[in-house]
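Spelled out from the first residue to the last, the chains are:
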Amino acid sequence: MMRQISILGSTGSIGLSTLDVIRAHPELFKVFALTASKQVELLAQQCIEFSPALAVIGDAQGAARLTALLLITNSRTQVLYGPDALVNAVTDSGCDTVMAAIVGAAGLVPTLAAAKAGKRVLLANKEALVMSGHLFMQAMKSGGGELLPIDSEHNAIFQCLPPQFTKASQAALGVEELWLTASGGPFRDTPLEQLTTITPAQACAHPNWVMGRKISVDSATMMNKGLEVIEAFWLFGLPLEKIKVLIHPQSVVHSMVRYVDGSVIAQLGQPDMRTPIAYGLAWPNRIEAGVAPLNLAQLAALSFSEPDLIHFPCLALAFLAAQAGGIAPTVLNAANEIAVAAFLDEGMPYLQIPKVVEKTLNAIQACPVESIEVILDIDAQARRVASDFIKVI
């Protein structure tokens, strides 16, 4: 059966890789909807190539420009804009699979809508689970769809677990621990005193992966890995103390599962997001992803070490927020987005990122998560508080 795909964030790195896999398999996949925030020209090129039924851009001005570009080619793609249009793109009956790849909190509402609508959700947006883990998992259950993780680490764990694995069956199946690997980013061996003058260009120069600027900074601070710990907690249902992080500079082992009998099962591959994307698109089958084969004989060594939480305070803050639960992960994520944006705009030093996040976590009183409205209110409050802290740095 040909799958009809809606891509939330088609002009980002995950979206581009998804289209690359779809391009190679026109007999298996058809693009139903493409969405972007601001990159009108690139979205137009994608629409011309893939002829989606729907294209969504961020605002009315962008929609007018996109419509004009598509009229030149007599395109039949309908152009919409704004948050409601994103929801339309993933809930329409013409779509059965959603690649959720919008970075940050902006992707929360449409991803949650896709879950409620019973779609196959390919989750590359961490924030859907970080901000609203309980609500999101409830939505997936009530919608009756399929949730497949696309982050390389979670996808690797998914591949290493038994097919019949559930939260309730983990003990019976002998699953003991999940090990998330992390490259450590560009500064894993850089002394702390040398991080005071780090520039955005240096922080975005990831040694192994090609990623967007925000995610690249999160990898450098290891906040990215902290968010993944929270995501793994909701995806797989193991207690937080059974979810570990290991520094693995080579980025060949993407994650591992340790079993009670002493076995450790790992998923290995090139650091290329097309592998987990292809696995999610075609699951439970495997298809050609356009990724070069891994030659173990050419690898000099594979090394692993535990992360230094003094060197990576953002990872420590993420564990604390995960343990606190409730709104804490939402506050963590919002404060981090504001802090990283300030750093990328060269309005704040790199080492201030964890300090802003910690101050924001301490400033907002804890409460349970009861609805999406509560989450969005807390997200907005945390952004205001973090912005105020940045003003006085």
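Every value quoted in this text rests on a predicted model; they were computed, and no experiment measured them.

Contact geometry of helix H10 (residues 223–236) with helix H13 (residues 328–344) gives a least axis separation of 12 Å together with a crossing angle of 155 degrees. Compared by their axis directions, H10 and H13 come out roughly antiparallel. Both H10 and H13 take part in a crossing whose hand is left-handed. Between H10 and H13, the contacting residues are Met223, Leu227 and Ile230 on the first element and Pro329, Leu332, Asn333 and Asn336 on the second. Its residues assigned to classes, the contact of H10 with H13 comprises 5 nonpolar, 2 polar and no charged.

The next subject is the pairing of strand S6 (residues 120–123). Regular strands place side chains that alternate from one sheet face to the opposite one. Neither face of S6 is left uncovered, since the one carrying Arg120 and Leu122 and the one carrying Val121 and Leu123 both have all their residues buried. With 4 bridges joining them, strand S5 (residues 97–100) and S6 adopt parallel strand pairing. Note that in S6 the partner of Met99 across the bridge is Leu122. On the question of chirality, the crossover connecting S5 to the parallel S6 by way of helix H5 (residues 108–116) is right-handed. Here S6 runs beside strand S7 (residues 146–149); their pairing, made up of 4 bridges, is parallel. Opposite Val121, over in S7, you have Leu147 as the bridge partner. One crossover worth recording links S6 to the parallel S7 by way of helix H6 (residues 127–143), and it is right-handed.

Our focus in this paragraph is helix H1 (residues 13–24). Taking 1.5 Å of rise per residue, 12 residues should cover 16 Å, and H1 covers 17 Å from first to last C-alpha, within 8% of that figure. Buried within H1 we find Ile14, Gly15, Ser17, Thr18, Leu19, Val21 and Ile22. Buried residues along H1 sit in contact with strand S1 (3–8), strand S2 (29–35), helix H2 (40–50), S5 and helix H11 (274–282).

What counts as what
Residues numbered from 1 in each chain as written. Predicted model: local features only at pLDDT ≥ 70, side-chain atom pairs only at ≥ 80, totals over all residues. Heavy atoms only, no water. Axes fitted to C-alpha atoms, helices over the stretch in contact; angles between N-to-C directions. Helix = DSSP H or I, 4+ residues; strand = E, 2+ residues; numbered from the N terminus. Parallel < 35°, antiparallel > 145°, perpendicular 65-115°, else oblique. Left-handed = near helix turned anticlockwise from the far one by under 90°. Contact = heavy atoms within 4.5 Å. Nonpolar A, V, L, I, M, F, W, Y, C, P; charged D, E, K, R; others polar. Buried < 20%, exposed > 50% of the residue type's maximum accessible area, 1.4 Å probe, protein only. Pairing = 2+ DSSP bridges. Right-handed = clockwise from strand over helix to strand, strands pointing away. Expected span 1.5 Å × (residues − 1).

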